[in-house]
Amino acid sequence: MTPKGIGALSSVNHTVLGKRFMVVALTFFAIGGFLSMLIRAQLATPHSAFIGPEIYNQIFTMHGTVMMFLFAIPMFEGFVIYMLPKMLGARDMAFPRLTAYGFWCYLFGGSILIIAMLAGMAPDSGWFMYTPLSSRPYTPGINADVWLLGITFVEISAVTAAVEIFVSILKMRAPGMSLTRMPLMGWYMLVTSGMMIVGFPPLILGSILLELERAFDLPFFDPTRGGDPLLWQHLFWLFGHPEVYIIFLPAAGALSTIIPVFAQRQILGYRAIIAAIVAMGFLSFGLWVHHMFTVGIPHLALAFFSAASALVAIPTAVQIFAWLGTLASGRSRWDVPMLYVFGFFFIFVIGGLTGVMLAMVPFNTQVHDTHFVVAHLHYVLVGGFVFPMLAGIYHWLPHISGRQSLYRLSIPSFWLIFVGFNLTFFLMHLTGLMGMPRRISTYPSNWGWDWLNLLSSIGGFILTMGFCLVLADIILQFRFGRWFRRDPWQAQTLEWATPTPPPSYNFAAIPRIEKRADALEPALIGPALAGGNGYLGFARNDDQETMGVDMLTGAAEHVIILPRRTFLPLWTALATGSFFLSFLFGQYWLAAFAALVTLALFLVWPATLGRQTDTGPVDIGMGEQAPLDIESPNNVSILANRTALVTDGTLFSSLLFGGLFLLVVAPNWDGVTALDLPLWPGLVAITASAAGAALAWWARQRNAHGNTASLAAIGSGIAQTLAALALLLALIWVPDPTAHARHAMIVALLGFAAIHTGLAALLSFHALWRIHRGYLSARRQTELIIAWLWGGYAAAIVLPAMGLSFMLSRVGGT
């Protein structure tokens, strides 16, 4: 249970943290909405002097930043963190402490941005932060640094949430819930989290490189010294375009859950929708270039990306026709959630049609950077995310509050939002077609834009009144709504089998699922589970336990013991925040100290987790037995580390792409002189890291056969340390990294490899420490498997890092 007072900050429970995520996200949404009103007030009339261009630049930058990074993604994270375990039949997410750490990172990172805005130091280069506009010569203050460091801080939260959601879906479903029985929301979130795992690292890398350029003058994006501003655009849109689908897919998951409930029949095309979700996930990564049609891309590439951009309409259409078919073939009943579903269909289809128009290169070139693009963006994001989320809020709010809506404000608020939105943004299509550029703070009169902008601004204020009524409606429901039984909508998914509002453990017992999990009977399942009829329907050693299953079949595999509440995530997030703030204000020695403290706190996290004796299979109810997670070679910690390696591998691939892009495309590489980097440090690093990986594997093998692994773990740690030192030594031969992007890129490559060999060494020594404390045995080998995974990965990246470094060093004459 979460205590009152200051103790509440130690909570790691997913229900509590999910609600906190959503409340903070809605607060940021209100801030972003207020900023949009300032924008519309400024643009309501020509030659407006309401706010000057400097403040306007900060406001429109912060509006986009807040809505994209501080509202949309955290809002669905909060929803998923709250709802997913209940829909899958689990008692929590896979890593409750990581959930809490992600929440604090999100809160602190977002607060840094808002405080900077109040202090007049907000970023002012647009939410896309294009270089060279965001580079030091054009943005000399800390405005851009606030964005880069604040957003990277928030991205940590997003990536940790993605890994946790991915692992939780694959390993923590109720026994019997195979992938083919999983509710569609699970599929949507599985694909979305996978997209986040490989979609966010390019932006994180771009932010790191740009901050290194701004803080230490390493010229990755400076064309006068071998850099290229287009590298930023590639890295940004490699993240930015998939993010549109990362935002849309959870909302589509909500629609796929809500529509069958109100159509009173199962959804049509269950398997076709799954195929469409997966196809959309893959296609979204091939579309980033359509944001760059006007930068001078070769014609063949333009044709390819134009076709790919239009192709994504197919999986989108599959889902829309499945939803329409479900409604048409069912016995639809209308309630408040369905009003927002109707709004979604109307608005999102318009956004989709203008998206197909923008996929055509000639049309895109014509309306590039006009208000037509602003209108399309809002039709897609508001239609594809905000309306489904509002439908979701009205659908699931009784689950959170245990009360029913009062309905007095619900319907007027919908019509205000619907009319206000279309009045605001549909007219922007016209101003855009008439040539009005985006991002301008004033415009001349008598160009025909005056009345269109005035009506758009009036529509914006009507829209705001609608959202204010929704907020009042939610508050009134919590205060005056009528208490109601579970499942007021007669839904058929598992979350309605919990009491409402739900207890912290969700289910007194965990169910066994015998059929598709969107066709269940919560009214019968709930009382049975409350009576302890299911898996783990008893308390053991005062632990909170949940089930781990096989990823494909959902067969019961092991018992997961969830950690207790602790302040450690809060302290670790504070240390992480100290690192970013120290870096922001140029206190680099303090930043290094904060980074060490953060690392030390992370190492303390598992100090009390695990067992010092073997337990063997334990009773799980239903006449079955299963081992504890620490004795399972397929536990969630190992899968999470494998997933984290994919994220890190994407980050490294983006860095390799950056190096090759600059080598092939960037200007000012003619006339550079070849560098005289010696080979021997590289050979030492490659050999030592490979030896470290081999020793980590040997340590794991010895431990698995019941032999002592201490010497092999020590050898692995020493070898990886030697590799890290050799890589750092190689940096001595790189002359002045500020002179040319080639030098800066070599420093980045060698530094990346050195950090990872150092991390591999640290994990080997950590495994050694756990061996000597008695936490490892032939059955309990998690730490040694993790050390082997990261050791092998470090060895795998040292070779390409050294290879590209030597390739770059040999460019030019002697």
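Residues numbered from 1 in each chain as written. Predicted model: local features only at pLDDT ≥ 70, side-chain atom pairs only at ≥ 80, totals over all residues. Heavy atoms only, no water.

## Quick word on a nonpolar patch on the surface
This is how it is decided: Each patch is assembled from residues with relative accessible area greater than 30% and no salt bridge, linking like charges that lie within 9 Å and nonpolar side chains (Val, Leu, Ile, Met, Phe, Trp, Tyr) that lie within 5 Å. The protein chains shown are the only cover counted for residues, whose accessible areas, like all others here, come from Shrake-Rupley with a 1.4 Å probe. By salt bridge we mean one thing: a side-chain nitrogen of Lys or Arg within 4 Å of a carboxyl oxygen of Asp or Glu. Only DSSP runs of H or I covering at least 4 residues are called helices, and only runs of E covering at least 2 are called strands; the numbering of each starts at the N terminus.
Together, Trp334, Phe342, Phe346, Ile411, Trp415 and Val419 give the surface a local cluster of nonpolar side chains, amounting to about 610 Å² of exposed area. Only α11 (336–359) and α14 (410–433) provide two or more residues apiece to the nonpolar patch.

## Comments concerning helix α16 (residues 522–530)
Heads up, the rule is: Accessible area is worked out with a 1.4 Å probe on protein chains only. A residue is then buried under 20% of its type maximum, exposed over 50%, and partly exposed in between. Note that the arc is computed from the directions linking the helix axis to the C-beta atoms.
Of the residues making up α16, those classed as buried are Pro522, Gly526 and Leu529. Around the axis of α16, the buried residues are gathered within 75° of arc, so they sit on the same side. Away from its buried face, by an angle of more than 90 degrees, α16 presents the exposed residues Ala523 and Leu524.

## Some words on helix α4 (residues 143–171)
In plain terms, the rule: Here, expected helix span is obtained from the residue count minus one, scaled by 1.5 Å.
Between its first and last C-alpha atoms α4 spans 42 Å; for 29 residues at 1.5 Å apiece the expected length is 42 Å, and the two agree. The element α4 is extensively covered by neighbouring structure, given that 27 of its 29 residues are classed as buried.

## A look at the pattern of salt bridges
What the rule picks out here adds up to 16 salt bridges. Between Arg214 and Asp145 there is a salt bridge, with the nearest N and O atoms lying 2.8 Å from each other. One end of the pair, Arg214, is in helix α6 (residues 201–216); the other, Asp145, is in helix α4, and 69 residues separate them in sequence. Here Arg214 matches Asp145 in class, with each residue buried. Ionic contacts of the salt-bridge type, sharing partners, join the residues Asp542, Asp543, Arg564 and Arg611 into one network.

## Comments concerning unusual backbone geometry
Cis geometry is adopted by the peptide bond preceding Pro132, which originates at Thr131 and carries an omega value of 5°. In this structure, Pro132 sits in the loop between α3 (96–118) and α4. The residue after Thr500, namely Pro501, is reached through a cis peptide bond having omega -5°. One non-glycine residue, Arg439, lies in the positive phi region at around 70°. Examined against the element boundaries, Arg439 turns out to sit in the loop between α14 and α15 (450–480). A positive phi is found at Met622, a non-glycine position, where the angle reads about 55°. Looking at the element boundaries, Met622 is found in the loop between β3 (618–621) and β4 (624–626).

## Let's talk about the side chain of Thr192
Cut-off, in case you're wondering: The contact criterion used is simple: two residues touch if any of their non-hydrogen atoms lie within 4.5 Å.
Topologically, Thr192 is positioned in helix α5 (residues 184–199). When residues no more than four places from it in sequence are discounted, the contact partners of Thr192 are Phe76, Ile246, Leu249 and Pro250.

## What about the environment of Met189?
Within the secondary structure layout, Met189 lies in helix α5. As a C-alpha pair, Met189 and Ala162 span 27 residues in sequence and 9.1 Å in three-dimensional space. Among all residues touching Met189, those that are not within four sequence positions of it are Phe76, Val80, Ile165, Ile169 and Pro250.

## Considering the side chain of Thr782
Structurally, the position occupied by Thr782 is in helix α23 (residues 782–809). Overall, Thr782 belongs to the buried group, its relative accessible area being 12%. Setting aside anything within four residues of it in sequence, one finds Thr782 in contact with Ile630, Asn635, Ser637 and Ile638.

## A closer look at empty space enclosed by the protein
Here is the rule we go by: Grid points spaced at 1 Å and placed over the protein atoms alone form the basis of the search, with a cavity being a set where a 1.4 Å probe fits but cannot get out and a pocket an open set showing protein on both sides within 12 Å along at least five of seven lines. Lining residues have an atom within 4 Å of a point. Grid points are joined across faces, edges and corners, and a volume is the space filled by probe spheres set on the points. Throughout this entry, Asp, Glu, Lys and Arg are counted as charged residues, while Ala, Val, Leu, Ile, Met, Phe, Trp, Tyr, Cys and Pro are counted as nonpolar. The remaining residues, Gly among them, count as polar.
This structure, assessed with the given rule, holds four cavities of 30 Å³ or more. A volume near 60 Å³ is recorded for the largest cavity. Forming the boundary of the largest cavity are Leu677, Pro678, Pro681, Ala730, Trp733, Ile746, Leu750, Met802, Ser805 and Phe806. Only α22 (741–772) and α23 provide two or more residues apiece to the lining of the largest cavity. For the lining of the largest cavity, the per-class residue count stands at nine nonpolar, one polar and no charged.

## Here's the deal with the environment of Phe103
Note on placement: Phe103 falls in helix α3. A relative accessible area of 4% places Phe103 in the buried class. C-alpha separation for the pair Phe103 and Val154, spaced 51 residues apart in sequence, amounts to 9.1 Å. When sequence neighbours within four positions are dropped, the list of residues in contact with Phe103 reads Leu17, Arg20, Phe21 and Val24.

## Here we look at the pairing of strand β1 (residues 544–549)
Residues in a regular strand project their side chains so that they alternate between the two faces of the sheet. For clarity, the threshold we go by: Two strands pair if DSSP finds at least two bridges between them.
β1 sits mainly inside the fold: five of its six residues count as buried. Inspection of the sheet shows β1 paired to strand β2 (residues 556–562) by six bridges, in the antiparallel sense. From the neighbouring strand, Met547 faces β2, where its bridge partner is Val559.

## A short note on the confidence of the model for the protein
Let me state the cut-off plainly: Every residue is assigned a pLDDT by the predictor, reflecting its confidence on a scale from 0 to 100.
Summing up the model confidence of the protein, the mean pLDDT is 91 and the portion of residues at 70 or higher is 100%. Here helix α9 (residues 299–311) stands out as the element of the protein with the lowest mean pLDDT, 77, in contrast to helix α21 (residues 710–730), whose mean of 96 is the highest.

## Topic: the pairing of β3
Sheet topology places β3 next to β4; three bridges connect them, and they run antiparallel. In the strand pairing of β4, Asp619 is matched with Gln625.

## Re the environment of Ser716
For clarity, the threshold we go by: Here a polar contact is taken to be a pair of N or O atoms separated by no more than 3.5 Å, where protein atoms must pair a possible hydrogen donor with a possible acceptor and residues adjacent in sequence count only if both atoms sit in side chains.
Of note, Ser716 is situated in helix α21. With 21 residues separating them in the primary sequence, Ser716 and Leu695 have C-alpha atoms 5.0 Å apart. With residues up to four places along the chain from it excluded, the contact list for Ser716 reads Gly692, Leu695, Ala696 and Ser764. A polar atom in the side chain of Ser716 sits 2.9 Å from the side chain of Ser764.

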